[in-house]
Number of protein chains: 2
Amino acid sequence: MNDVIARYALTDRAENLSARAEGIAVGLTVGSWTDLPRATQERVEPFRGRIEEIRTVEAIDGHRVRAEIAIRYPMINLTDQIAALLTTVFGKLSMDGEIRLVDLTLPSAYLAQFQGAKFGVRGLRDRLSVYDRPLVMSIFKTCVGQTLDELGMHFREQALGGVDLIKDDEIFFHEAVPPYVRVKRYREEGLRIEQETGRRPRYAVNLTGPVFELKERAKRLQEAGADLFLFNVFTYGLDVMRELTSDRDIQIPFMAHPAFAGALYASERHGIAAHVLLGDLLRMAGADIAIFPSPFGSVKLHRKESAELIARLRAPGPFAKVMPAPSAGIHPGMVPLLMETYGKDVIVNAGGGIHGHPAGATAGGKAFYQAIEAVLRGVPLSEAAASHEELSDALAKWGEVRG
Amino acid sequence: MNDVIARYALTDRAENLSARAEGIAVGLTVGSWTDLPRATQERVEPFRGRIEEIRTVEAIDGHRVRAEIAIRYPMINLTDQIAALLTTVFGKLSMDGEIRLVDLTLPSAYLAQFQGAKFGVRGLRDRLSVYDRPLVMSIFKTCVGQTLDELGMHFREQALGGVDLIKDDEIFFHEAVPPYVRVKRYREEGLRIEQETGRRPRYAVNLTGPVFELKERAKRLQEAGADLFLFNVFTYGLDVMRELTSDRDIQIPFMAHPAFAGALYASERHGIAAHVLLGDLLRMAGADIAIFPSPFGSVKLHRKESAELIARLRAPGPFAKVMPAPSAGIHPGMVPLLMETYGKDVIVNAGGGIHGHPAGATAGGKAFYQAIEAVLRGVPLSEAAASHEELSDALAKWGEVRG
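Going by the annotation in an unreviewed UniProt entry, the name recorded for chain A is 2,3-diketo-5-methylthiopentyl-1-phosphate enolase, with Ferroacidibacillus organovorans given as the source organism.

Engineer: What exactly am I supposed to notice about the packing of helix 12 (residues 274–284) of chain B against helix 13 (residues 303–314) of chain B here?
Structural biologist: Two numbers describe a pair of packed helices, the interaxial angle and the distance between the axes. All names here are of chain B. It is the contact of helix 12 with helix 13, at a shortest axis distance of 8 Å, that shows an interaxial angle of 10 degrees. Of the possible angle classes, the one that applies to helix 12 and helix 13 is roughly parallel. When helix 12 is examined against helix 13, the residues Ala274, His275, Leu278, Gly279, Asp280 and Arg283 are found in contact with a partner set consisting of Glu305, Glu308, Leu309, Arg312, Leu313 and Arg314. Residues of the contact of helix 12 with helix 13, tallied by class, amount to four nonpolar, two polar and six charged.

Engineer: Is there a simple way to think about the interface of chain A and chain B in this case?
Structural biologist: In many reports, interface size means the accessible area that the parts give up when they come together. In this complex, chain A contributes 68 residues to the contact, which on the side of chain B involves 68 residues. Of the roughly 5,800 Å² buried between chain A and chain B, counting both surfaces, carbon and sulfur atoms make up 64%. Together, Met95(A), Phe212(A) and Phe260(A) form the three largest contributors to the area buried by chain A at its contact with chain B, with a combined 14%. Run the count over chain A and chain B and you get six salt bridges. Residues Lys92(B) and Glu170(A) are paired through a salt bridge, measuring 3.7 Å at the closest nitrogen-oxygen approach. Inspection of the chain A/chain B interface yields 16 residue pairs in polar contact (both at pLDDT 80 or more). When contributions to the side of chain A that touches chain B are tallied by element, the ones reaching two or more residues are helix 2 (38–44), helix 3 (82–90), helix 9 (233–236), helix 10 (238–245), helix 11 (262–265) and strand 10 (271–272) of chain A. With six residues, the single largest contributor to the side of chain A that touches chain B is helix 3 of chain A. Of the residues contributing to the side of chain A that touches chain B, the split by class is 31 nonpolar, 26 polar and 11 charged.

Engineer: I would appreciate a short explanation of the sheet that holds strand 5 (residues 135–139) of chain A in the present structure.
Structural biologist: Strand pairs in the sheet, formed through backbone hydrogen bonds, run parallel or antiparallel to each other. Residue and element names in this part refer to chain A. The sheet built from eight strands is open, its strands ordered 12-11-9-8-7-6-5-13 with parallel pairing. Sheet topology places strand 12 (323–327) and strand 13 (347–350) at the edges, where each strand pairs with a single neighbour. Going from strand to strand, the sheet's axes swing by 25 degrees on average, the running direction of each strand aside. Looking at chain direction, strand 11 (residues 289–293) and strand 12 are connected through five bridges and run parallel. Each bridged residue has a counterpart across the sheet, and for Ile291 the counterpart in strand 12 is Ala325. Docked against the sheet, helix 6 (residues 148–159) engages strand 5, strand 6 (165–167) and strand 7 (202–206), running at close to 145 degrees with respect to strand 6.

Engineer: Help me understand the packing of aromatic side chains, please; the structure alone is not making it clear to me.
Structural biologist: Aromatic ring pairs are described here by two measures, namely the spacing of the ring centres and the angle between the planes. As enumerated under the stated definition, the model contains 23 aromatic pairs over all chains in all. Measuring from ring centre to ring centre gives 6.3 Å for Phe212(A) and Phe212(B), while their planes differ by 80 degrees; the resulting arrangement is edge-to-face. You can see Phe212(A) sitting in the loop between strand 7 and helix 8 (214–223) and its partner Phe212(B) sitting in the loop between strand 7 (202–206) and helix 8 (214–223), one on each of two chains. We note that Phe212(A), like Phe212(B), is buried. A centroid spacing of 6.3 Å and a plane angle of 25 degrees characterise the contact between Tyr8(B) and Phe90(B), whose relative ring orientation is stacked.

About the criteria used
- Residues numbered from 1 in each chain as written.
- Chains lettered and ligands numbered in written order.
- Predicted model: local features only at pLDDT ≥ 70, side-chain atom pairs only at ≥ 80, totals over all residues.
- Heavy atoms only, no water.
- Axes fitted to C-alpha atoms, helices over the stretch in contact; angles between N-to-C directions.
- Helix = DSSP H or I, 4+ residues; strand = E, 2+ residues; numbered from the N terminus.
- Parallel < 35°, antiparallel > 145°, perpendicular 65-115°, else oblique.
- Contact = heavy atoms within 4.5 Å.
- Nonpolar A, V, L, I, M, F, W, Y, C, P; charged D, E, K, R; others polar.
- Buried area = accessible area lost by both parts, 1.4 Å probe.
- Salt bridge = Lys/Arg side-chain N within 4 Å of Asp/Glu carboxyl O.
- Polar contact = N/O pair within 3.5 Å; in protein donor to acceptor, adjacent residues only side chain to side chain.
- Pairing = 2+ DSSP bridges.
- Phe/Tyr/Trp six-rings, centres within 6.5 Å; stacked < 30°, edge-to-face > 60°.
- Buried < 20%, exposed > 50% of the residue type's maximum accessible area, 1.4 Å probe, protein only.

Put into structure tokens, the structure is as follows:
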């Protein structure tokens, strides 16, 4: 059946649940039912929502219960905008008491309207010609207030340790050094580094500016030699990203930043579950790389939520798999746990874990590769550290994190 | 000082508060401070955030406290996109534990980059030539699955009671009857009704479609005779609306729908306070009318939050005042309370309170005007009902709500 199924976790009086579910199913589709003339009822039937499930989870007190309600929404009511989906399944409803959107089941006929990731895990690996290990990404630490030469120097310092990717800070909107200029400069630095080390670091430039100029900006940055885009999808809008990623003239991978997503997923009883927001919806929006808080670091996503999110990013179906970039507080001593949890198809993404290395950012990058190599060879980090100074320094500072 | 001040309510250990505040001020602006060379420190100084206030609100247990932290962000770090503001002040931070953005103070130099409402309360009244009373708006009940003739008939039935505005259901994305066709048909109905009653009902059409086509769609709908736009600003994006409302070729008021906003404001300890989201940010986005849940009806906003929201929509400053449309569960017996709370500059917005009238939608519209007229004359509803059948029926069904 071509229905979108939305599942909600909510609090209500036990005796209200079935009327509540019916109110959602009808109110958010055909508006009313029993008041309609018989002939109209027949004609609007295909547009009417239906109750898929009502399940009581636990009693709170004598009257109220926590429950889950799942509703089927006919996809005929929707267009191919993510705005249409969210307005329908969690528009008015988001304001109606203690209620959280915990799951979406999207039928293949509905998903067929979306393209998903243009590159995904495989396309990204093809671009980098790296197939057999996790990728390492470094984050610019200080961006605003820096001159082009300082930024170029920072790029070089981070890159020399061998990192695959370097991304702008997502808060870098300031344009004293415009993105076109940065792309050109870092490309020059990258080509120089390739001559020295045999590997060219790629730069993810923060795609910013007025919404209605973003397509043109993306194309200009592409012409200037941009490797990847970093995009603040939750402050710009999911459909904005979706329309950028599905533009045939934009042939550059998109890295979705989760900035602002916590305002939507962080509460337990309101908003939207992280695996829906950072998983299902980002896939529809065409993310090639999804950054999200790892369950291990300083800013955490719950372990269970994180596992479900990864499952969504890699779920089989019509879309290319998304490359996960679990972030925040990542350091070399976390590499075994990251690879155990996510396998090889993961981006090890670090800011402080690279820049804060006792011997500097270049050593920081090296320490990550030494850790990855050790894991791939099945050698404990402590053992690898004996013959690798950078890794040894990193472990002395941060230790090794075990699951 | 040209700083944006953001205030957060959060939970943390008491002894962490000042390091936490410093981490936000530096981490979300210049990235690092103590590690920078002296000369660099001097140069990035104007970009550095500062702690405005740290205030402990209450102790939770021996260690943790609820606190408020206010941070100054230099506006030089921001561009004039709302995405830049939100990514900076509540991007990464939104994911960092129990934290809520509870206030924004925006300096006039920053606000000068925005236009605010193009029409606002005064412009809207000029368009309708109604100055001395609240406006009444009726909401289409059933939209999807209806033929053009049925929709035209519903429009006429709602309009004949004398309502000023009729809006699409916000979930109406389906285009079997395209918006251009609806605008033309309802305009014809409206002109006919004007000949009959002397008053032309205005139609707020749901502006939908791909993001990068919205400007063209808005202009086409304007050419087709659209009176107002309804816009799902929280599923499309605040900057999308801002760029539409500030387009010089679009000379039509925008009504911002709060669909999906509950996912952001409804939790007490996460997300964004409603008065920031539906007040400050909607003003920046250029809303002429802001729909929000009233504190009285079926889907509620807390009374205090609602009062603060109204204060923001009407706050003096560079922008035209926004017309409030408190909604959900509004019926004629609520009019005295609405007018006592909001004054005359308010839209009385009803769906069920019009369509559910025992004698039908036309009578429903009439009952609202009878209630408004009674309040303006200082006559109790019960007294006015004695000589007004429609009001009498409405009160018999819904009663009168007192504050």
